[in-house]
Amino acid sequence: MPEDPRPVITVVAALVTDATGRLLLVRKRGTDRFMQPGGKPEAGETLREALARELAEELRLTIEPGAFDDLGRFETDAANEPGHLLVAHVYRLEVADPVAAAAEITEARWCTVEEADALGERLAPLARELLPFC
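Bear in mind the structure is a predicted one, so any value in this text is a computation, not a measurement.

Caption draft 1: Quick peek at the overall build of the protein. Scanning the protein from terminus to terminus reveals three helices and seven strands. Counting from the amino terminus, helix and strand elements in the protein follow one another as β-β-β-β-α-β-β-β-α-α. The C-alpha radius of gyration of the protein comes to 14 Å, within 12% of the 14 Å expected for a compact globule of 134 residues. In the protein, which comprises 134 residues, the proportion classed as buried is 42%. The contacts in the protein between residues at least 6 apart in sequence include a share of 64% that link residues at least 24 apart.

What follows is the structure, encoded as structure tokens:
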């Protein structure tokens, strides 16, 4: 299979659920698509360290890097960067702590899989691909 010619954006993302199985989706400032929390690793960070930092910055969650379950590597269209390929290293996490939208996050929303699916085009491609894992 030929290599994808699009520019690549590499991120870490968290498939966050609560005890009832609801999924946490976030929407970044200036966008209308909902996605998993996460972001780009910084130089010198492991993927798990990057995700722990992003969750603290975006949702005020304090999570130890070892607490994440590795769900795998996913490739999809980037949600907010047309013409880019998203390579996402996804980790699963169940939380009981409250979350609060912070940093570039405008909205944090708990929803069922059905509610997430009903977002239609407002659900980011990676988030749609992860629905079966909820």
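Caption draft 2: Fine view of the pairing of strand β6 (residues 85–94). The element β6 is largely enclosed, with a buried count of eight among its 10 residues. With 10 bridges connecting them, strand β1 (residues 8–17) and β6 associate as parallel partners. Following the sheet pairing, Thr17 is matched in β6 by Glu94. The sheet contact formed by strand β5 (residues 69–77) and β6 spans eight bridges and is antiparallel. Bridging from a neighbouring strand, Gly72 pairs with Val90 of β6.

Caption draft 3: Expanded view of the nonpolar core. Counting residues in each nonpolar core, the largest one holds 39 residues, and the members touching the most others are Leu25, Leu55, Phe68, Val90 and Leu126. Of all the secondary-structure elements, those providing two or more residues to this core are β1, β2 (23–28), β3 (34–35), α1 (47–59), β6, β7 (105–111) and α3 (125–130). The element best represented in this core is β1, accounting for seven residues. Leu126 has contacts with Ala13, Gln36, Phe74, Thr76, Leu86, Ala88 and Val90, leaving out every residue within four places of it along the chain.

Caption draft 4: Spotlight on the packing of aromatic side chains. Scanning the entire structure with this criterion turns up two aromatic pairs. Consider the rings of Phe68 and Tyr91, whose centres lie 6.1 Å apart with planes at 50 degrees: the pair is tilted. In this pair, Phe68 sits in the loop between α1 and β5 while Tyr91 sits in strand β6, placing the two residues 23 residues apart along the sequence. Classification of Phe68 by relative accessible area gives buried; the value is 2%. With relative accessibility at 6%, the residue Tyr91 sits in the buried group.

Caption draft 5: Structural detail: the environment of Glu94. Along the chain, Glu94 falls in strand β6. The exposure class of Glu94 is exposed, given its relative accessible area of 55%. For the pair formed by Glu94 and Asp18, sequence separation is 76 residues and the distance between their alpha carbons is 5.3 Å.

Caption draft 6: Local environment of the side chain of His89. Mapped onto the elements, His89 comes out in strand β6. Sequence-distant contacts of His89, defined by excluding residues within four places in its chain, comprise Thr10, Val11, Val12, Ala13, Leu47, Gly72 and Arg73.

Caption draft 7: Main features of unusual backbone geometry. The backbone of Arg60 shows a phi angle near 60 degrees, a positive value even though the residue is not glycine. Examined against the element boundaries, Arg60 turns out to sit in the loop between α1 and β5. The backbone of Ala103 shows a phi angle near 55 degrees, a positive value even though the residue is not glycine. Examined against the element boundaries, Ala103 turns out to sit in the loop between β6 and β7. Taking relative accessible area as the criterion, Ala103 reaches 47% and is therefore assigned partly exposed.

About the cut-offs
All residue numbers refer to positions counted from 1 along the written sequence of the respective chain. Under the rules for a predicted model, residues below a pLDDT of 70 receive no local features and side-chain atom pairs below 80 are neither given nor counted, while totals for whole chains, interfaces and linings still include all residues. The side-chain figures draw on all heavy atoms in the structure; neither hydrogens nor water molecules are used. Only DSSP runs of H or I with at least four residues qualify as helices, and only runs of E with at least two residues qualify as strands; both kinds are numbered from the N terminus onward. What the globule rule says is 2.2 Å times the number of residues to the power 0.38, and the radius of gyration is computed from C-alpha atoms. Each residue's exposure class comes from its accessible area (1.4 Å probe, protein chains only) as a fraction of the maximum for that residue type: buried when under 20%, exposed when over 50%, partly exposed otherwise. Here, two residues are considered to be in contact whenever any of their heavy atoms come within 4.5 Å of each other. Pairing between two strands is assigned when DSSP locates at least 2 bridges connecting them. Here, nonpolar core refers to any group of buried Ala, Val, Leu, Ile, Met, Phe, Trp, Tyr and Cys residues whose side-chain atoms link them within 4.5 Å. A pair of aromatic rings is counted whenever rings of Phe, Tyr or Trp (Trp by its six-membered ring) have centres within 6.5 Å, and the orientation is called stacked for planes under 30 degrees apart, edge-to-face for over 60 and tilted otherwise.

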